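# Topology and contacts: notes
What follows is the residue order along each chain.
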Amino acid sequence: MKIAVLPGDGIGPEITKVALDVTIAVCKKYGHELNYEYGIVGADAIDKVGNPYPDETHELCMRSDAVLFGAIGHPRFDNDPTAKVRPEQGLLAMRKKLGLYANLRPVTTFESLVYKSPLRPDIVRGADFMCVRELTGGLYFGRPQGRSEDGNTAYDTCVYTREEVTRIVTLAYEYAMKRRKKLTIVDKANVLATSRLWREVSREIAPAYPEVETEYMFVDNAAMRLIQWPTSFDVLVTENMFGDILTDEASVITGSMGLLPSASIGTHTSVFEPIHGSWPEAAGQNIANPLATVLSAAMMLEYAFGLNEEAALIRKAVDASIDKNIRTQDIQVEGEKAYTTSQVGEWLVNFILSA
Ligand code: IPM
Ligand code: MN
């Protein structure tokens, strides 16, 4: 198995190192041969070669079996609206070129961290759902996009084809079949033509999955239901922009953004990354929580290599570290000593090797 490691910006290199160490440990334990190669991406790549997703990085991804990704983004670009190249363009280019049309973001609750949620414990306890976000269509990629000649009018275009909707909704049904067999299809069909196509296509697919309970929900209502009744969701599927917004909302429900992994899958190599950003203020300080990236590595072993037992061992190590209070500052119990990023990594590696 060969993986491309793209650490990216900010805390990316620190958290990716931990996830890679954990992956190496688990491969050693089970006797799998692991090859990995580093590539550059994001602001780091802009600084080095002037392109946030250079061709060499794309080629590396294409010849690998999976991509382990850290984070990208730098405030230098956020505060400069005139910047011509931005780190985020690298991420979008990667998604498009690798054909990563589905972004899977599982949201699970850790009982011992429920009190960290901004919501009442009785609301979040037991929440366990999967957001399936369409990732290569909609407003992010629709053309035309731009400004009128006088600069006073701007436009984005939301485009979806029947084919794009079919593949993502079908994939969501497949996940629902493997889980609790409930699918919530989120759209704005009362206003948008693209949403009406989503609903039409979904209604055609639904009969093929008679065991799955299908629920159609407008996105504004879904935003409300997510915080009011998060345990009512099993699998949720939606278009790119709605998914971007709802998954940020969903990520804080459990009170631990530093714990949530993701997988982006599609036509070519799949990418596994934490859902949080590059947290530039903490870069190099060895304080960031590596668990979201470690859990992304677990998703990688499962989805890209079918190594379910190995992934389960990583999750067991993560659960044990939380139970034993081997936690970084963001999730540490008040008054208890916080562990550094690398200390958490070392603890996980020891747990895995001695399991
Ligand atoms: C995400 C991010 C990206 C997105 C940005 C960085 C382009 O917010 O992965 O959710 O909007 O898709
Ligand atoms: Mn986002």
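Look up: the structure comes first, before these words.
As the structure is a computational prediction, the values presented were derived from the model and not from experiment. Each chain has its residues counted from 1, following the order in which its sequence is written. Just so you know, chain letters begin at A and ligand numbers begin at 1, following the order they were written in. Per-residue local features of the predicted model are confined to residues with pLDDT of at least 70, and side-chain atom pairs are confined, for both listing and counting, to 80 or more; whole-chain, interface and lining totals are unaffected and use all residues. Excluding hydrogens and water, the side-chain values take into account all heavy atoms of the structure.

## Let's talk about the packing of helix α11 (residues 291-305) against helix α12 (residues 308-323)
One can describe the packing of α11 onto α12 by two numbers: an axis separation of 7 Å at closest approach and a directional angle of 160 degrees. Comparing the axis directions of α11 and α12 gives the class roughly antiparallel. Both α11 and α12 take part in a crossing whose hand is left-handed. On α12, the residues touching L291, V294, L295, A298, M299, L301 and E302 of α11 are N308, E310, A311, I314, R315, V318, S321 and I322. Of the residues in the contact of α11 with α12, the class split is ten nonpolar, two polar and three charged. Where helices are involved, their axes are fitted lines through C-alpha atoms of the stretch in contact, as for all axes, and angles between N-to-C directions lie from 0 to 180°. Runs of H or I in DSSP of at least four residues are treated as helices and runs of E of at least two as strands, each being numbered from the N terminus. For classification purposes, an angle smaller than 35 degrees is called roughly parallel, one larger than 145 roughly antiparallel, one from 65 to 115 roughly perpendicular, and anything else oblique. The handedness criterion is simple: a crossing whose near helix is rotated anticlockwise from the far helix by less than a right angle is left-handed, and one whose near helix is rotated clockwise is right-handed. Every residue pair with non-hydrogen atoms within 4.5 Å of one another is taken to be in contact. Lys, Arg, Asp and Glu make up the charged group, whereas Ala, Val, Leu, Ile, Met, Phe, Trp, Tyr, Cys and Pro make up the nonpolar group; the residues left over, Gly among them, are polar.

## A few points about the site of ligand 1
Residues in contact with ligand 1, as listed here, are E88, L91, R95, R105, R133, Y140 and D244. Two N or O atoms form a polar contact when they lie within 3.5 Å of each other; inside protein one atom must be a possible hydrogen donor and the other a possible acceptor, and for residues adjacent in sequence the pair counts only when both atoms belong to side chains. In the model, an oxygen atom of ligand 1 is placed 2.7 Å from a nitrogen or oxygen of the R95 side chain. Within the side chain of Y140, one N or O atom sits 2.6 Å away from an oxygen atom of ligand 1. Where accessible areas are quoted, they stem from the Shrake-Rupley method and a 1.4 Å probe; at the residue level, only the protein chains shown are allowed to cover. Coverage of ligand 1 by the protein amounts to 73% of the 320 Å² it exposes when considered alone. Looking at which element gives the most residues to the shell around ligand 1, the answer is helix α5 (residues 87-97), with three residues. Grouping the constituent residues of the shell around ligand 1 by class yields two nonpolar, no polar and five charged. By convention here, the domain bounds are inherited from an automatic or database domain assignment. Two domains share the shell around ligand 1, each providing at least three of its residues, namely domain 1 (1-108 + 261-355) and domain 2 (118-254). Here, proximity means that at least one heavy atom of the residue falls within 4 Å of the molecule or strand.

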